[in-house]
Each structure stands twice: as C-alpha cells, then as structure tokens.
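Given next are the chains, with one letter for each unit.
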Amino acid sequence: MRERRSGRVLVADDEEGVRSFLAESLERDDHEVVAVADGAAALAAAREEPFDVVITDLKMPKLDGMSVVRTLRTEQPDVELIVLTAFGDVSTAVEAMKLGVFDYLQKPVSSPAAVRELVKGALGRRDLLAVPADAPAVRSTLTFGAPSMAPVVAALAKVAKSGATVLLQGESGTGKEVAARALHDTSPRADKPFVAINCAVLTEHLLESELFGHEKGAFTGAHAQRRGRIELADGGTFFLDEVGELKASLQAKLLRVLEERSFERLGGSQLVEVDVRWVAATHRDLRAMVREGTFREDLYHRLAVFPIRLPPLRERREDIVPLARALVADLAHAAGRAPPRLDAALEARLREETWPGNVRELRNALERAMILADGDVLGSEHLWLEPPSTDVAPPGEVRAGAIDAAGPAAVKGGSLADLERQTIESTLREVDGNRRAAAAKLGIGLRTLYDKLKKYGIR
Ligand SMILES: Nc1ncnc2c1ncn2[C@@H]1O[C@H](COP(=O)(O)OP(=O)(O)OP(=O)(O)O)[C@@H](O)[C@H]1O
Ligand SMILES: [Mg+2]
C-alpha cells in the first residue's frame, strides 16, 4: 500500500483568516480543500460529499466543533478528525482525543508545514485502517472502532514509517499478525519481502537453520547451501512470531544479529549482512520472563524499542461490532457471496460476550453463523459459541472443542467427518495453509494432519 500524497480536506472555522491560511497551506500539497464558516455547514458538507480529513475549530456559531466531532465519529467513523483548540485549552483537546480524533492544533496556527505534516499523518492512519477494494482478506488491514484503540492505531501508523523495532504483545487472537502485516504494508518497505517465522512450531535446531540458513555439508542432509529466512527478508520486514518461545542459545544468537545486522549461516564463516526491519510478537509477558531469567534482558530491550499492546477484545467492546461487520464482509467475499446483514439482536449478543479467543474466536463464530444461516440476515439464533475449553484432545483426534463448537444443529445436518473436515479447512485458512501451525492449533501431530488431508482429499 503506497503512502497517499493527497486527499480531500474539509476545514471548518468561523475566522476567514484561518480558513484561507489552512486552505493555502494544504493546497500546496495538492490536497483538495473545502472551507466552511460554522459547524452546521461542516456537517452539511460532510454529508454531501466524502472527505478524508476534517479540520474543525471548536468555538463556532450555529454548531460547535465538539458536536461536529461527536456526530462524525458515529456517522463517518473512518474520516480522520483534527481539532483546532484555543491557546491553552488542553482539556477540550484531551476530550477530543478520547473521542478518537487524530490530533489537535493549538491556535493561532502559524506553521503551514505543521498543518501539512498533521494531515499527512492522518492520511497515513486512514490508509492503515482502510479496507482496499481489491484485498478483501483483512490479513493486512485492520478494523478498529473503539476510541480506546485510537492511540494504538496512531502509534502503528507513525511507527510504520520509521524503521524502529516493534514488539507486539497481546493474548492469542488479538491481531498481532495482522498488525505486523499492516505495519509492513504501510511502511517504506511495503514492496519488499515480509517474511514470518513462528518460534513456537519448530524444534530448536530446525528453527536455527530456518532463521540463519546453512552452508553445504553443515549437517547431515545439508546437501546444498540454503539461505535462511532472515536473509530472505533483506530490504523488507522480518516478523518473529511467538518470540517468547526462543531457547536461550537462540536468544543470544538473535541478539547478535540485531546488534551487528550480520550473521554466519550454519556451518559457514562468511559474514552475511542484512537490512531488515524487525517486528516481534508474543502472548507472553516478556518482562516477567526477564525477571524469572528465562528471557535475556538485553534482547528484551532490543526488541521492545516500540512496544505495542493489543488489548483483548473484552477490553475494547466498541471494536466488536465494526470488526464483526468487517469479518463477515471478508468471509462473504472469500465464499463469493454478498455479505449478510447482522441484525441488532446478534450485534447486542456479540457485544456481551467476553471472547476469550479474541478476534479469532469472533471470526470462527461468524463463520459458523454464516454456515447455519440460510438468508441474508445473520441473527442471534445462528450464534454457536465455543464451550469453555476444559478438555484436552486425545492423541490423534481433532480437539473436541473445535468440533463441538459447530453445535448439535450442524452435527445433525452433517456427519462428524464433515465437521472434522470443515474444522481442518477453516483452521488451514486461518494460518494461510501453514500445516505445522494448523496441526498445532488443532492439537494433533503433523503426521496425523497429513493423514486427514489425504483422507478428506484436502489440497
Ligand atoms: N483489527 C483487526 N481487523 C481485522 N481482522 C482482525 C483484526 N485483529 C485480528 N483479526 C483477525 O483475527 C484473526 C487472528 O488474528 P491474528 O492471527 O493476527 O492474531 P494473533 O494475535 O497473531 O494470534 P496468536 O497469538 O494466536 O497467533 C485473524 O483471522 C485476523 O484476520
Ligand atoms: Mg499470531
């Protein structure tokens, strides 16, 4: 996704001087500017034609700026808002920030460059949140609706442009991987490789050779030189997922690469230089692990240059419905059908749930609802929630929770084998076909998974 050069900006201020100052400053960056003199005119203009950014004064006749902000927040949540505050009026600015506005400018506004920089940042965040028409898979785009997430999204938008190392922390299913991809896609490295590795699914030796590659003859079976994933990410972004699972020896090796930006392949002595942007993720509390001595403090500080926490869904309930709509649109597109509408009762139910599996669990529940619903409305009767997971899957069997979740109605409709096949297919889709990760999520061995893939003829 390329950085946007210009956008449509609506300016609302009752002072003619301020309007023309802002318009001139922004037109120099090819932004299209519409300027109005009060809040009522601002809402009228915003309802008539689309804008990317709205800059509004707070004190205006007819309708004040905070009313404009509140109204647009609900009517057009993806429009970026910037407020102009009177000198020293920080409290209103803070109130506006809590409502999710992108930023505020204190009056008198004197620097055209500051205005242009702010609008550029706002467009950057909008790009981060936008769902591009041609990429329905939300893999690299994020949906947020909760004002409490505004600082996270603003941070992601800003840090994307920098080369700083980012540490994404959060429970399973909170969106660490999609955030990592969104960071890459909105960074200057967007057209370079995004390479990911999950430290939880590989043995220590395999992980080492995957990370650093190996020279010919480095170990039995190393018939030829093989470049590792860090090298494959050169110029782009390297996503180190589940970094908390790294063993001590690999922690030390990784630290050296982060410090020296070079390494040797296994069995080699030639130094390989790399230019990668590091993004790491974990559901663990790394600082607690540092205190316990199971994670290196120096490595932690190297990774946590820009730590970002993705809160669990239960802490950002305003996200649930915007997410559910975006996920249903995504699932419908993947199924080649028009997205069904979520009725109000279902939306209320979704908001109530605690979603221990966070967005991934919400997505699975919506996928099930879409399987069970015949018409183009999803209702609360179509919602089958996963039972609280107390049981551990017997070896060789797909975890009961994953099958039960489909609910008795579906079992009655389809055989257990059908359910098992569907569960395997949806898990594979979730992890982009990564069989190891799928086996790990299903709680079965890789061998067993291959057997089942063959059994069900899943390509
Ligand atoms: N903000 C979001 N917008 C859209 N989709 C999201 C968002 N957050 C998560 N998802 C979806 O939820 C699912 C889980 O997200 P993701 O894989 O990134 O979670 P995670 O934090 O990496 O989980 P885990 O710790 O288990 O690996 C994915 O299908 C992803 O597309
Ligand atoms: Mg993940």
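Residues numbered from 1 in each chain as written. Chains lettered and ligands numbered in written order. Predicted model: local features only at pLDDT ≥ 70, side-chain atom pairs only at ≥ 80, totals over all residues. Heavy atoms only, no water.

1. Thoughts on the nonpolar core
Core analysis: the biggest nonpolar cluster contains 33 residues, and F238, L240, V243 and F295 have the highest contact counts within it. For this core, the secondary structure elements donating two or more residues are β7 (194–198), α8 (204–212), β10 (237–241), α10 (248–260), β13 (277–282), α11 (286–292) and α12 (297–303). With five residues, α10 is the single largest residue contributor to this core. In contact with F238, other than residues within four places in its own chain, are V195, I197, L211, R229, I230, A233, V276, R277, W278 and V279. By size, the runner-up hydrophobic cluster in this structure holds 21 residues, among which are L342, L366, A373 and L383. (Core = buried A, V, L, I, M, F, W, Y, C linked by side-chain atoms within 4.5 Å. Buried < 20%, exposed > 50% of the residue type's maximum accessible area, 1.4 Å probe, protein only. Helix = DSSP H or I, 4+ residues; strand = E, 2+ residues; numbered from the N terminus. Contact = heavy atoms within 4.5 Å.)

2. Considering empty space enclosed by the protein
Gaps left between atoms show up when a probe the size of a water molecule is rolled over them. Applying the stated criterion to the full structure yields one cavity of 30 Å³ or more. The space that makes up the largest cavity amounts to roughly 40 Å³. Considering the residues around the largest cavity, the lining is formed by L331, R363, N364, E367, S426, R429 and E430. Of all elements in the fold, only α15 (358–372) and α18 (416–430) reach the threshold of two or more residues within the lining of the largest cavity. Partitioned by chemical class, the residues of the lining of the largest cavity number one nonpolar, two polar and four charged. Formed jointly, the lining of the largest cavity draws a minimum of three residues from each of two domains, domain 3 (314–382) and domain 4 (410–456). (1 Å grid on protein atoms, 1.4 Å probe; cavity = no way out; pocket = protein on both sides within 12 Å on 5 of 7 lines; lining within 4 Å. Points joined across faces, edges and corners; volume = space filled by probe spheres on them. Nonpolar A, V, L, I, M, F, W, Y, C, P; charged D, E, K, R; others polar. Domains from an automatic or database assignment.)

3. So, the sheet that holds β13
To summarise the sheet geometry, strands pair through backbone hydrogen bonds and adopt either a parallel or an antiparallel arrangement. Spatial strand order, β7-β10-β13-β6-β14: five strands in an open sheet with parallel pairing. This sheet does not close on itself; its edge strands, each paired only once, are β7 and β14 (306–309). Strand after strand, the sheet turns through a mean of 20 degrees between neighbouring axes, direction not considered. Bridge analysis of β7 against β10 gives five bridges, and the strand direction is parallel. Among the inter-strand pairings, V195 is bridged to a residue of β10, identified as F238. Here helix α6 (residues 150–161) sits on the sheet and contacts β6 (166–169), β13 and β14; the angle it forms with β14, its principal contact strand, is near 150 degrees. (Pairing = 2+ DSSP bridges. Axes fitted to C-alpha atoms, helices over the stretch in contact; angles between N-to-C directions.)

4. Digging into the confidence of the model for the chain
The predicted coordinates should not be examined in detail at positions where pLDDT is low. Overall, the prediction assigns the chain a mean pLDDT of 82, with 84% of residues at 70 or greater. Ignoring residues within four places in sequence, the model shows residues 131–137, a span with pLDDT below 50, making five contacts including any to other chains. A low-confidence stretch, residues 391–413 stays under pLDDT 50, and its non-local contacts, those more than four residues away or across chains, total 37 contacts. (pLDDT = per-residue confidence, 0-100.)

5. Considerations on the sheet that holds strand β2 (residues 32–36)
Strand order in the open sheet formed by five strands is β2-β1-β3-β4-β5, and the pairing between neighbours is parallel. A single partner strand is all that each edge strand has here, and the edge strands are β2 and β5 (103–106). The average angle at which neighbouring strand axes cross in this sheet is 20 degrees, direction not considered. Sheet analysis places strand β1 (residues 8–12) next to β2, joined by five bridges and oriented parallel. Each residue of the ladder has a partner; that of R8, found in β2, is E32. Together, β1, β2, β3 (53–57) and β4 (80–85) form the strand contacts of helix α1 (residues 16–27), whose direction differs from that of β2 by roughly 175 degrees.

6. Observations concerning the packing of aromatic side chains
Enumeration over the complete set of coordinates arrives at three aromatic pairs. Relative to W278, the ring of F238 lies with its centre 5.4 Å away and its plane at 75 degrees, an arrangement referred to as edge-to-face. Residue F238 is found in strand β10, and its partner W278 is found in strand β13; the two are separated by 40 residues along the sequence. In this pair, the class of F238 matches that of W278, namely buried. When the ring centre of F51 is taken as origin, the NZ or CZ atom of R8, which lies over that ring, is 4.6 Å away. In this arrangement the basic side chain of K253 is found over the ring face of F212, its NZ or CZ atom lying 4.3 Å from the centre. (Phe/Tyr/Trp six-rings, centres within 6.5 Å; stacked < 30°, edge-to-face > 60°. Lys NZ or Arg CZ within 6 Å of the ring centre and 35° of its normal.)

7. A closer look at unusual backbone geometry
Backbone torsion omega between K107 and P108 reads -5 degrees, so that peptide bond is classified as cis. Locating P108 in the fold gives a position in the loop between β5 and α5 (112–129). The backbone of W355 shows a phi angle near 50 degrees, a positive value even though the residue is not glycine. Here W355 falls in the buried class, since its relative accessible area comes to 1%. Positive phi values are uncommon outside glycine, yet N358 reaches one of about 55 degrees.

8. Description of the packing of helix α2 (residues 39–48) against helix α3 (residues 65–75)
Two elements in contact, α2 and α3, have axes whose closest approach is 10 Å; the angle formed by their N-to-C orientations is 15 degrees. When the interaxial angle is binned, α2 and α3 end up roughly parallel. The element α2 and its partner α3 pack so that their crossing is right-handed. On α3, the residues that touch G39, L43, A46 and R47 of α2 are V68, T71, L72 and E75. In terms of residue class, the contact of α2 with α3 is built from four nonpolar, two polar and two charged. (Parallel < 35°, antiparallel > 145°, perpendicular 65-115°, else oblique. Left-handed = near helix turned anticlockwise from the far one by under 90°.)

9. Structural notes on the environment of L350
Checked against the element boundaries, L350 lands in helix α14 (residues 344–352). For L350 and L366, which are 16 residues apart along the polypeptide, the C-alpha to C-alpha distance reads 9.8 Å. With residues near it in sequence (within four places) discarded, L350 still touches I320, A324, L342, W355, L362, L366 and L383.

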